[in-house]
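An overview of the molecular structure
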Amino acid sequence: SISGLHIIMFAWLAAAIVGWLWRRSARLCLAWPAQHAALVGGLLLATGYALFSGLGVPAQRTVTMLATLTLLRLLGVRWPWPLAWLLACAVVVAVDPWALLQPGFWLSFVAVGVLFAADGGRQPATGAAGRVHAMLREQAVVTLALTPLALLLFGQASVVGLPANLLAIPWVTLVVTPLAMGGVLAPPLWDAAAWAVQALGLLLQWMAALPYASVSVAAPPLWAGAAGVLGGAVLAMRWPWSLRLLGVPLLLPVLWWQPPRPAAGDFELLAADVGQGNAVIVRTASHTLVYDAGPRWGPESDAGHRVLVPLLRALDERVDTLVLSHRDSDHTGGAAALLAQQPGAALLASLEDGHELLGLRPVATRCAAGQGWEWDGVRFDVLHPAQP
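What comes next is a walk through the structure. Given the structure is predicted, the values throughout are model-derived calculations rather than measurements. (Residues numbered from 1 in each chain as written. Predicted model: local features only at pLDDT ≥ 70, side-chain atom pairs only at ≥ 80, totals over all residues. Heavy atoms only, no water.)

Turning our attention to the overall build of the protein. Helix and strand counts for the protein come out as 16 helices and 12 strands. Taking 2.2 N^0.38 as the reference for a compact globule, 388 residues should give roughly 21 Å; the C-alpha atoms of the protein span a radius of gyration of 27 Å, well beyond that estimate. Buried positions account for 38% of the 388 residues belonging to the protein. The contacts in the protein between residues at least 6 apart in sequence include a share of 57% that link residues at least 24 apart. Surface summary for the protein: the accessible area is close to 21,800 Å², and the carbon and sulfur share equals 68%. Within the protein, one finds 21 positive and 21 negative side-chain charges whose respective centroids are separated by 22 Å. (Helix = DSSP H or I, 4+ residues; strand = E, 2+ residues; numbered from the N terminus. Rg over C-alpha atoms; globule rule 2.2 N^0.38 Å. Buried < 20%, exposed > 50% of the residue type's maximum accessible area, 1.4 Å probe, protein only. Contact = heavy atoms within 4.5 Å. Areas by Shrake-Rupley, 256 points an atom, 1.4 Å probe, with all protein chains shown as cover. Lys, Arg positive; Asp, Glu negative; His and termini not counted. Charge placed at Lys NZ, Arg CZ, Asp CG, Glu CD.)

Okay, here's the thing in structure tokens:
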């Protein structure tokens, strides 16, 4: 979102400068209208800015949408916003069909569509207070409309997202980006831009660490997620509240969805695909056990972060016990991430004293043959190692 926002901001600024310069020459204005020159100049310079920034997937979508809407303006076409919005979607998908599988595609286009629909043809805000109110309202509308979609795509939504965006977007737009651009002329400004990014990062890390900074729900089926997105959009519209409240029932399936669990006396076994190693989830009627946690692939990548935590979040599971068969990293590599995300999980393992995982669960129980328990009519027994 910030990548696209900054390219649009740069395109607007570039178009304004090109148009101003073009109007300084009567010959140029007679050759081609200044408005058209500003549009094309803004598009070309914004494309160069996107290339300079690495031309990531969000930047590619933004440039494609800008080119589409610029072409409509040059042809003198004044379509209603739904047609222009759908055309931009169609062009992006035609250029990159895989965009349909990217969450960013849905988040960005749904956000833009909701903002257009919720605008209701209002006059632009005037005065500082009016602009601040408009910004607050736009962020609130986007947050309300995209929360069900975030729950559908990621199984979680940020509670601190609204205040974080209210701080981050102006800071990056008005401080970081101008400093970064100014660094082309005065390199010391790049240091200032880096300090500004670091300060923002510290603040966002603090916000993310707050209790209940995010909420997680079980991954709903597609029909429930679609209903939730529609409900969020209805609530965000500029309609009478008697109509907007009709969106509330559409949100309930997303918020209350629970995956089916095994019946009493039965169990379900899920073998997670973690490559080399092992990670198994055993679910009974009301309990969950994880046996091994897969490998660690690098300093910041392991099966816990990449596989187990998202899978458990999608199932809305609360792990009762994590069992580690032995200390090898292809079985314990993801354990730290899982224990951090499941603070109530007990640890049952045969790890040597001083192992780093015991620092996360000092009251861990050592495995020993003969240990056993029963959950919901399902018997669990430890077969090895022998009692010391």
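Here we take up the packing of aromatic side chains. Think of a pair of aromatic rings as described by two things: how far the centres are apart, and how the planes are tilted against each other in angle. Under the definition given, this model contains 10 aromatic pairs. Seen from their ring centres, Phe 105 and Trp 106 are 5.2 Å apart, and the 90° between their planes marks the pair as edge-to-face. Under the relative-accessibility criterion, Trp 106 is labelled partly exposed at 37%. Members of the aromatic cluster, each reached through a chain of ring pairs, are Trp 81, Trp 85 and Phe 116. (Phe/Tyr/Trp six-rings, centres within 6.5 Å; stacked < 30°, edge-to-face > 60°.)

This part covers the packing of helix 5 (residues 81-95) against helix 6 (residues 103-119). Contact geometry of helix 5 with helix 6 gives a least axis separation of 10 Å together with a crossing angle of 170°. The angle between helix 5 and helix 6 places the two elements in the roughly antiparallel class. Side by side, helix 5 and helix 6 meet where Trp 81, Trp 85, Ala 88, Cys 89, Val 92 and Val 93 of the first sit next to Phe 105, Phe 109, Val 112, Gly 113, Phe 116 and Ala 117 of the second. In terms of residue class, the contact of helix 5 with helix 6 is built from 11 nonpolar, 1 polar and no charged. (Axes fitted to C-alpha atoms, helices over the stretch in contact; angles between N-to-C directions. Parallel < 35°, antiparallel > 145°, perpendicular 65-115°, else oblique. Nonpolar A, V, L, I, M, F, W, Y, C, P; charged D, E, K, R; others polar.)

This paragraph deals with the sheet that holds strand 4 (residues 280-283). The 6 strands lie next to each other as 3-4-5-8-9-10, forming an open sheet whose pairing is mixed. Strands at the two margins of the open sheet, each flanked by one partner only, are strand 3 (268-271) and strand 10 (365-366). Both strand 5 (residues 288-291) and strand 8 (residues 321-324) contribute to a ladder of 3 bridges, which runs parallel. Bridging from a neighbouring strand, Leu 289 pairs with Thr 321 of strand 8. (Pairing = 2+ DSSP bridges.)

What follows covers a nonpolar patch on the surface. A surface patch of nonpolar side chains, about 640 Å² in accessible area, is lined by Trp 241, Leu 245, Val 248, Leu 252, Leu 255 and Trp 256. No other element matches the 4 residues that helix 12 (residues 247-256) contributes to the nonpolar patch. For Trp 256, a relative accessible area of 65% translates into the label exposed. (Patch = residues over 30% accessible without salt bridge, like charges linked within 9 Å, V, L, I, M, F, W, Y side chains within 5 Å. Salt bridge = Lys/Arg side-chain N within 4 Å of Asp/Glu carboxyl O.)

All right, on to helix 4 (residues 57-74) then. When the terminal C-alpha atoms of helix 4 are compared, their 26 Å separation across 18 residues agrees well with the 26 Å that a helix rising 1.5 Å per residue should span. Within two residues after helix 4, Gly 76 carries a phi angle of roughly 75°, on the positive side. (Expected span 1.5 Å × (residues − 1).)

Here we come to the side chain of Arg 361. Tracing the chain through its elements places Arg 361 in the loop between helix 16 (356-360) and strand 10. Of the side chains with opposite charge, Asp 320 lies nearest to the buried Arg 361, which makes no salt bridge, at 11 Å. A polar atom in the side chain of Arg 361 sits 2.7 Å from the backbone oxygen of Gln 342. Ignoring anything within four residues of it in the chain, the contact list for Arg 361 reads Leu 339, Gln 342, Pro 343, Gly 344, Ala 345 and Leu 347. (Polar contact = N/O pair within 3.5 Å; in protein donor to acceptor, adjacent residues only side chain to side chain.)

Next up on the list: the pattern of salt bridges. Taken as a whole, this structure holds 7 salt bridges when the rule is applied. Across the pair Arg 327 and Glu 352 runs a salt bridge, and its minimum N-O distance is 3.1 Å. With a gap of 25 residues between them, Arg 327 in the loop between strand 8 and helix 14 (329-332) and Glu 352 in the loop between strand 9 (346-349) and helix 16 connect regions that are remote in the sequence. When its relative accessible area of 47% is taken as the criterion, Arg 327 is described as partly exposed. In this structure, a network of salt bridges that share partners links the residues Arg 261, Glu 268, Arg 283 and Glu 317.

Counting through the fold element by element, Gly 247 comes out in helix 12. According to the relative accessible area criterion, Gly 247 is buried, its value standing at 0%.

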